[in-house]
Protein chains: 2
Amino acid sequence: MMEKQKLNILFIGGGNIAGILKSELKDHIDLCWYYDLKKTDLDCQYLERFEIPRETDIVVECASVEAVKEFGIDILKSGKDFYIISSGAFADEEFRATFLAELKNSSSNVYIPSGAIGGIDIVRAVRNYVEKVVLTTKKPPKAFGIEEIQEPKTIFSGNAVEAIKKFPQNTNVSVTLSLALGSFEKVTVNVVADPNVNENIHEINIFSSVGNYTVIHKNKPSPNPKTSYLTPLSLAAAIKRNIEKFKIG
Amino acid sequence: MMEKQKLNILFIGGGNIAGILKSELKDHIDLCWYYDLKKTDLDCQYLERFEIPRETDIVVECASVEAVKEFGIDILKSGKDFYIISSGAFADEEFRATFLAELKNSSSNVYIPSGAIGGIDIVRAVRNYVEKVVLTTKKPPKAFGIEEIQEPKTIFSGNAVEAIKKFPQNTNVSVTLSLALGSFEKVTVNVVADPNVNENIHEINIFSSVGNYTVIHKNKPSPNPKTSYLTPLSLAAAIKRNIEKFKIG
């Protein structure tokens, strides 16, 4: 747990998400660096080659599944706390096993924030009582190149393992849900072309012996259409939570 | 942050919730004590007078708003981490200010789990972008002593400050939402007698410039009708999160 009020942050990825984080955390950052394949306009010191400066407090991945796989083990060896946006890396069972084994011997803590979805607090609480969790992503038909349908049409339906292979756009969300639940098999993913919606909608239905819960997300368009704005905000909230002593949720 | 795999826990309140926690955390507890006005059947050492044993790792309040107010400052002075179910204590502005001032000089961390509601992860993420949050609690009319209505009837509507005064049954939920959001005024609470529902339903609507989010909770009846089962499970999940190094959500 950080007790410092200001952090030294190493960003992996110097793009749009790192920029939002830099701005959201502006009162909480002392030094910052970023590694990326090329220099960007992020207002932190650019590292041409990947390294973890000794003064680093936390490493924040906002790049890609590949970056988590390439640098994840080195980060654990450094003992620095590690925040991950591209949770999809843990869809790879072999990498997951290697990473978790290394984590046992590391002094790092690893944080996977809720990201583009919420209600992960419910999933974690009821995980031992869950029958199934269903993630339904609805988009306007034209998002799938479909025109002129009157009724919603299911484009894909399967468990999280299948979804990761066949519908990779939803990978991070499917994996974060599965990790929170402790099971990839109990998560069903549906992707629906729905003529009744104008925006992308994620709906999560949690069926458990404790109760049934529904979480509906209607994200507004974000500066980077591939990532909802909720994702970097969720990561910033996770970092702030560790600085603050009064922790809600 | 706990790095220990087994904790010594002091429970304040030896009732139903402490019992569920004891069972949920059975693999993670070494020593445990509880303080209560009278001895209960909780399988931990009973303390007749409130004290914080030196070996305590965490203090867990599962008693009442009054207990938080009576013992909260002493717990912060002890420097032990403190988990609170009765967040309603922080509806009292004077107590909140005193507590937060003491926390600044304490080595304690204070945890207020999501409790009977979820989606607190979304509220925390978008808090700087929120226009309003609406909590609607729907119950069957007979829960309010009302019979024979055909249409839903709003029993109460007001902001969280008013709700705490006039509809105290919802206090913990209203306060946790308000603390996550950082505002008591931006939370509207509606209480509705609804002939179309058979169970208690909490619905949270979050309106923000990032997106709009809805979280619907249909809790099943719990052993203690005054507290949903989700509440102790959420607290257990918060404690486990601090033991584990791989933290989701």
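Parameters and conventions
Residues numbered from 1 in each chain as written. Chains lettered and ligands numbered in written order. Predicted model: local features only at pLDDT ≥ 70, side-chain atom pairs only at ≥ 80, totals over all residues. Heavy atoms only, no water. Core = buried A, V, L, I, M, F, W, Y, C linked by side-chain atoms within 4.5 Å. Buried < 20%, exposed > 50% of the residue type's maximum accessible area, 1.4 Å probe, protein only. Contact = heavy atoms within 4.5 Å. Phe/Tyr/Trp six-rings, centres within 6.5 Å; stacked < 30°, edge-to-face > 60°. Helix = DSSP H or I, 4+ residues; strand = E, 2+ residues; numbered from the N terminus. Pairing = 2+ DSSP bridges. UniProt positions renumbered as here; feature names shortened; annotations may be inferred. Buried area = accessible area lost by both parts, 1.4 Å probe. Polar contact = N/O pair within 3.5 Å; in protein donor to acceptor, adjacent residues only side chain to side chain. Nonpolar A, V, L, I, M, F, W, Y, C, P; charged D, E, K, R; others polar. Disulfide = S-S within 2.5 Å. Axes fitted to C-alpha atoms, helices over the stretch in contact; angles between N-to-C directions. Least-squares fit on C-alpha atoms with pLDDT ≥ 70 in both. Parallel < 35°, antiparallel > 145°, perpendicular 65-115°, else oblique. Left-handed = near helix turned anticlockwise from the far one by under 90°. Domains from an automatic or database assignment. Expected span 1.5 Å × (residues − 1).

Draft legend 1. Seen up close, the nonpolar core. Counting residues in each nonpolar core, the largest one holds 111 residues, and the members touching the most others are Phe99(A), Val126(A) and Val126(B). Those residues within four positions of Phe99(A) in sequence are excluded, and the remaining contacts are Gly72(A), Ile73(A), Leu76(A), Phe82(A), Ile84(A), Phe90(A), Val110(A) and Phe246(B).

Draft legend 2. Structural context of the packing of aromatic side chains. All names here are of chain B. By the definition in use, this model includes 28 aromatic pairs over all chains. When the ring of Tyr35 is compared with that of Phe71, the centres are 5.4 Å apart and the planes differ by 80°; the resulting orientation is edge-to-face. Placement of the pair is Tyr35 in strand E2 (residues 29-35) and Phe71 in helix H2 (residues 65-78), with a sequence separation of 36 residues. Here Tyr35 matches Phe71 in class, with each residue buried.

Draft legend 3. Region of the structure containing the pairing of strand E9 (residues 187-193) of chain A. Residues and elements named next belong to chain A. Burial analysis of E9 places 6 of its 7 residues in the buried class, the great majority of the element. Inspection of the sheet shows strand E8 (residues 153-159) paired to E9 by 6 bridges, in the antiparallel sense. Each bridged residue has a counterpart across the sheet, and for Phe156 the counterpart in E9 is Val191.

Draft legend 4. A look at the UniProt feature "domain: Aspartate/homoserine dehydrogenase NAD-binding" (unreviewed entry) in chain A. Mapped onto the present numbering, the UniProt feature "domain: Aspartate/homoserine dehydrogenase NAD-binding" (unreviewed entry) falls at residues 16-113 of chain A. For residues 16-113 of chain A, the helix share is 36%, the strand share is 21%, and the end-to-end C-alpha distance is 17 Å.

Draft legend 5. The interface of chain B and chain A, seen in detail. In this complex, chain B contributes 57 residues to the contact, which on the side of chain A involves 57 residues. Approximately 4,700 Å² of surface area, both sides summed, lies buried where chain B meets chain A, with 56% of it carried by carbon and sulfur atoms. In terms of surface lost to chain A, no three residues of chain B exceed Lys245(B), Phe246(B) and Ile248(B), which account for 16% of the buried area on that side. The interface formed by chain B and chain A contains 36 residue pairs in polar contact (both at pLDDT 80 or more). Taken together, the elements giving at least two residues each to the side of chain B that touches chain A come down to helix H3 (93-104), strand E6 (110-112), helix H4 (120-126), helix H6 (171-181), strand E11 (211-219), helix H7 (230-243) and strand E12 (246-248) of chain B. If one sorts the elements of the side of chain B that touches chain A by residue count, E11(B) sits on top with 9 residues. Here the side of chain B that touches chain A is composed, by residue class, of 27 nonpolar, 18 polar and 12 charged. Sheet analysis places strand E6 (residues 110-112) of chain A next to E12(B), joined by 3 bridges and oriented parallel. Bridged to Ile112(A) within E12(B) is Ile248(B).

Draft legend 6. A look at the side chain of His28(B). All names here are of chain B. Mapped onto the secondary structure, His28 falls in the loop between helix H1 (16-24) and E2. The class of His28 is buried, set by a relative accessible area of 18%. Excluding residues that lie within four positions of it along the chain, His28 makes contacts with Gln5, Lys6, Leu7, Lys240 and Ile243.

Draft legend 7. View of the state of the cysteines. Residues and elements named next belong to chain A. Enumeration according to the criterion identifies 2 disulfides over all chains in this entry. Across a sulfur-sulfur distance of 2.1 Å, Cys32 and Cys44 are joined as a disulfide pair. Classification of the bridge connecting Cys32 and Cys44 rests on its S-S torsion, roughly -90°, and on that basis the disulfide is left-handed. With a gap of 12 residues between them, Cys32 in strand E2 (residues 29-35) and Cys44 in the loop between E2 and strand E3 (45-47) connect regions that are remote in the sequence. Taken individually, Cys32 and Cys44 each receive the classification buried, so the pair is uniform in this respect.

Draft legend 8. The sheet that holds strand E10 (residues 201-208) of chain A, seen in detail. Read across the sheet, 10 strands follow the order E8(A)-E9(A)-E7(A)-E10(A)-E11(A)-E11(B)-E10(B)-E7(B)-E9(B)-E8(B) without closing on themselves; strand pairing throughout is mixed. In this open sheet, the two edge strands, each paired with only one partner strand, are E8 of chain A together with strand E8 (153-159) of chain B. Each strand axis lies, on average, 10° off the axis of its neighbour in the sheet, ignoring direction. On top of the sheet, helix H6 (residues 171-181) of chain A reaches strand E7 (130-139), E9 and E10 of chain A; it is set at about 165° to E7(A), its chief contact.

Draft legend 9. Structural context of the relation of the copies chain B and chain A. When chain B is fitted onto chain A, the two copies agree to an RMSD of 0.0 Å after a turn of 180° and an axial shift of 0.0 Å. The symmetry that links the two subunits is that of a two-fold axis. Looking at chain B, 100% of its interface residues are interface residues in chain A too, so the copies touch through the same face.

Draft legend 10. Looking closely at the packing of H2(B) against H3(B). All names here are of chain B. Close contact between H2 and H3 brings their axes to 9 Å; oriented N to C, the two are set at 15°. Judged on the interaxial angle alone, H3 and H2 are roughly parallel. Relative to H3, the crossing made by H2 is left-handed. Residues Val68, Lys69, Gly72, Ile73, Leu76 and Lys77 of H2 form the contact with H3, whose participating residues are Phe95, Thr98, Phe99, Glu102 and Leu103. Residues of the contact of H2 with H3, tallied by class, amount to 6 nonpolar, 2 polar and 3 charged.

Draft legend 11. Broad picture of the domain arrangement of chain A. Residue and element names in this part refer to chain A. Each assigned domain of chain A is listed with its residue range as follows: domain 1 (7-115 + 228-243) and domain 2 (120-218). Taken over C-alpha atoms, the centre of domain 1 sits 26 Å from the centre of domain 2. Carbon and sulfur atoms make up 68% of the area that domain 1 and domain 2 hide from each other, which totals about 680 Å². Contact with domain 2 buries surface across domain 1, with Ser87, Ala91 and Ser114 losing the most and accounting together for 47% of the total.

Draft legend 12. Geometry of the pairing of strand E7 (residues 130-139) of chain B. Residue and element names in this part refer to chain B. In terms of residue burial, E7 counts as a mostly covered element, since 7 of its 10 residues are buried. By the bridge criterion, 8 bridges tie E7 to strand E10 (residues 201-208) in an arrangement that is antiparallel. Residue pairing for E10: Val130 is matched across the bridge by Ser208. In this structure, E7 lies alongside strand E9 (residues 187-193), joined through 7 bridges in parallel fashion. Paired with Leu135 across the two strands is Val189, which belongs to E9.

Draft legend 13. Molecular detail of the environment of Lys26(A). With respect to the element layout, Lys26(A) can be found in the loop between helix H1 (16-24) and E2. In the structure, Lys26(A) is positioned 150 residues away from Thr176(A) in sequence and 27 Å away in space, judged by C-alpha atoms.

Draft legend 14. Looking closely at H3(B). When the terminal C-alpha atoms of H3(B) are compared, their 17 Å separation across 12 residues agrees well with the 16 Å that a helix rising 1.5 Å per residue should span. Residues of H3(B) that are buried sit in contact with strand E12 (246-248) of chain A together with H2, strand E5 (81-84), E6 and H6 of chain B.

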